[in-house]
Amino acid sequence: MTQHPQPTRRLTVGQAIVEFMKAQYVERDGETQPFFGGAFGIFGHGNVAGLGQALLQYQDEFPYYQGRNEQGMVHIATGYAKMKNRLGALAVSTSIGPGATNMVTGAGTATVNHIPVLLFPSDAFATRSTGAVLQQQEHPYAMDVTANDSFRAVSRYFDRISRPEQLASALLEAMRVLTSPADTGAVTIAVPQDVQAEAYDFPEALFSDRVWHVARNRPDRAAVQRAAELIRSAKKAVIIAGGGVVYSDATDELTKFAEATGIGVGVTQAGKASIAWDHPAALGALGSSGSKYANGIANEADVVIGIGTRYTDFTTASNTMFKNPDVAFVNINVAEVDAFKESGIPLVGDARETLAELREALEGFTLDADVVAEYERAASDWRAEVDRIVEVQEDSPTLSQAEMLGLLNASAAAEDVVINAAGSMPGDLHRLWRPGSPKGYDIEYGNSCMGYEVAGGVGAQLAAPDRRVHVLVGDGSYLMMSQEIMTAVQEHLRMTIVIVDNFGYGSIAALSETLGSQTFGTRFNERGEALRHDGRRLEVDFVANAASYGAEVFSADTADTFRKALDDARAYDGTAVVYVRVDAQGRFGGSGAWWDVPVAEVSTLESTKDARATYEQNKEEQRLYLTQSAPRVRELEHS
């Protein structure tokens, strides 16, 4: 048989990468869109003549964005992909050495949250024709180990391209992972700097338009029937709605399921906007950062239906949340590792399709009317409690953080987006914020990564330029990573960044007190005479700092000035920053749930001894959920 040569195109590896990204599309539910929205890059000797040259060559066809910090660029890519509902992504290119490893924290944050980002850290010479190059780690026990191997622990897929022939298979594997609902996360392809610039005759087919179908997998039918039987046996069931509800566009189906069964819905941080906040079945935030209303119902539940949740430490209150001795679990998740948690009945499949099938299998079932009424009272009481907490005390000389959030929430339009990550605000937002849409709430709490806020907000605004993004960043996080304000200004993004100043690491200060550590190391004070940081409070001019990036800055410290600052920020045609001081002690009541943070077992400090005694009492409530749900179903079948 005559062999016909495969058409090829001679490109550098860097050029081939960009050509490939240009041709990738994603499709779900019949809607097709380009997958990559462009690439961020900070150039050094490792990539300036490789991927940097390629991005220059294709800049009119494939957008290039300039970042200020490598970690920040990955956070931007994460915020972008979140807003795109994981159906779009950005690539990030860096030089070798510290430029590359600066991305590791961002990669970990993306992977923990199951968010697709494509990372191209440059690597040392593949040919080894030079000596040890600038910024290269030398390992005397393995010449093939470089600093980039640190990405292996925080990536869903890792590869190193040492020859051009390897590129095609690596890029296809990368797309498989990036577009997988179950396996997505950071994809890292390390590319040596000499290989980036090397030319090769690549198969033309590699650059043809390629559409990746995002499947909606169905669960096992027998598992659906077992789950339905278990739920039918429930006297008090509760739903935990996680981020999987939002990412699978299952919010409407979740509402139908709750209405049909009468089962109340508690939400995780990622699932916060999975049901309308004022729906009668919406119990509100659940877990360590939740409310006593939702948590009280979860305490008594005999069946817990987890939908798209990873059952993180905060969600389970360190395995003290579900106190019913006979509690059993049904878990809907695209990932087996999460579906099998808590010894539950695993329904491995897309949340929207699985909920629809489970609702059909439960036709005619609903919880008793008095239980449904109890849940609706709890939901109503919590909404009233939120009103009370955020109500502004007009005669107060200071503004509490809860009041500040209430004012911002009231000023936001239904399509607006709030972005936050770490500190005390995620807990307050989880309890108090009332999102207007499923994509209106992005609190990065999977990794709780300080410094995500501004960068993540930039990514969200790039992904949805027609929506107003409000970034909430505490003074502690701001001091870690504020540089991407300049990126927002550079890209003419109309967004609002709210710097909330509570004079230090306020969240850890509050936690420190409860653990007997007396807020040690959490306030920004000069060193005093006794070698302690108990001197004069350090004052940072956040207004001048933010303005130096080119943003327009508005200041506030009362309810009236904050309202005006928010109005002025929205009216400004560019990147606006609102600086607001809040009461450092102005916190409200807890969730009634515990969080396991170990306390020193022995100490000379009385505060630590007292905290340890409390810790040991709480530890007694902890349990592992080891009893399988399946035996309970078999008991029902035999009875």
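These numbers were taken from a predicted model, which means no experiment stands behind them. In this convention, every chain numbers its residues from 1, walking through the sequence in written order. Since the coordinates come from a predicted model, pLDDT governs what is reported: local features require at least 70, and pairs of side-chain atoms require 80 or more to be given and counted, while whole-chain, interface and lining totals use all residues. Excluding hydrogens and water, the side-chain figures rest on all heavy atoms present in the structure.

Enquirer: Outline the overall build of the protein, listing residues and values.
Expert: Put simply, DSSP H or I for four residues or longer makes a helix, DSSP E for two residues or longer makes a strand, and each gets a number counted from the N terminus. A count of helical and extended segments in the protein gives 24 helices and 23 strands. The globule rule used here is 2.2 Å times the number of residues to the 0.38 power, and the radius of gyration it is set against is calculated over C-alpha atoms. What you see for the protein is a C-alpha radius of gyration of 26 Å, in line with the 26 Å of a compact globule of 639 residues. Along the three orthogonal principal directions, the C-alpha set of the protein runs to about 75 × 75 × 55 Å. To sort residues, take the accessible area from a 1.4 Å probe on protein chains only and compare it with the maximum for the residue type: under 20% means buried, over 50% means exposed, and anything in between is partly exposed. Put simply, the protein has 639 residues, and 57% of those count as buried. Contacts are assigned to residue pairs that have any heavy atoms within 4.5 Å of one another. In the protein, the proportion of contacts linking residues at least 24 apart, taken out of those at least 6 apart, comes to 77%. For the protein, the distance from the average position of its 55 positive side-chain charges to the average position of its 83 negative side-chain charges is 2 Å. Charge counting treats Lys and Arg as positive and Asp and Glu as negative, with His and both chain ends excluded. A single reference atom marks each charge: NZ on Lys, CZ on Arg, CG on Asp, CD on Glu.

Enquirer: Please set out the pairing of strand β6 (residues 89-94) residue by residue, giving values where relevant.
Expert: The buried count for β6 comes to six of six residues, which makes it a mostly enclosed element. Residues A89, A91 and S93 line one face of β6 and the alternating positions L90, V92 and T94 line the opposite face, and both faces are buried. Two strands are counted as paired when DSSP detects at least two bridges linking them. Pairing geometry for strand β4 (residues 36-41) and β6, over four bridges, is parallel. If you follow G41 over to β6, its bridge partner there is S93.

Enquirer: Can you break down the sheet that holds strand β7 (residues 117-123) residue by residue, with the values?
Expert: Taken in spatial order, the six strands of this open sheet run β5-β4-β6-β7-β9-β8, and their pairing is parallel. The sheet terminates laterally at β5 (64-66) and β8 (157-160), the two strands that pair on one side only. In this sheet, adjacent strand axes meet at a mean angle of 20° when their direction is disregarded. In this sheet, β5 lies alongside β4 in parallel orientation, the contact comprising three bridges. Note on β5: the bridge partner recorded for G41 is Q66. All axes are obtained by fitting lines to C-alpha atoms, using only the stretch in contact for helices, and the reported angles, taken between N-to-C directions, cover 0 to 180 degrees. Along the sheet face, helix α6 (residues 167-178) touches β4, β7, β8 and β9 (186-192) and points at about 160° away from the line of β9.

Enquirer: Could you give me a rundown of the sheet that holds strand β12 (residues 237-241), with the residues and numbers involved?
Expert: The strands making up a sheet are joined through hydrogen bonds of the backbone, oriented either antiparallel or parallel. Across the sheet, which stays open at both edges, the six strands sit in the order β14-β13-β12-β15-β16-β17 with parallel pairing between neighbours. Two strands lie at the open edges of the sheet, namely β14 (282-285) and β17 (345-348), each paired on one side alone. Strand-to-strand twist across the sheet, computed as the mean angle between neighbouring axes with direction ignored, equals 20°. The strands touched by helix α8 (residues 221-232) within the sheet are β15 (303-307), β16 (328-333) and β17, with β17 carrying the most contacts at an inclination of about 130°. Here helix α13 (residues 351-361) sits on the sheet and contacts β15, β16 and β17; the angle it forms with β16, its principal contact strand, is near 135°.

Enquirer: Tell me about the environment of P219, and name the residues and values.
Expert: By the secondary structure assignment, P219 is in the loop between β11 (210-213) and α8. The buried category is assigned to P219, whose relative accessible area is 7%. Each C-alpha atom, one on P219 and one on I485, is 44 Å from the other, the two residues being 266 residues apart in sequence. Beyond its immediate stretch of four places on either side in the chain, P219 contacts V224, L347, V348, G349, T354 and E357.

Enquirer: Tell me what's going on with the packing of helix α3 (residues 70-83) against helix α17 (residues 452-463), and back it up with residues and numbers.
Expert: Each packed pair of helices is defined by two parameters, the angle between the axes and the distance between the axes. Where α3 contacts α17, the two axes come as close as 6 Å, and the packing angle between them is 45°. Judged on the interaxial angle alone, α17 and α3 are oblique. Judged by the twist between their axes, the crossing of α3 over α17 is right-handed. On α17, the residues touching G72, H75, I76, T78, G79, Y80, K82 and M83 of α3 are Y452, A455, G456, V458, G459, A460, L462 and A463. For classification purposes, an angle smaller than 35 degrees is called roughly parallel, one larger than 145 roughly antiparallel, one from 65 to 115 roughly perpendicular, and anything else oblique. Working rule for handedness: look at the near helix, and if it is turned counterclockwise from the far one by less than a right angle, call the crossing left-handed; if clockwise, right-handed.

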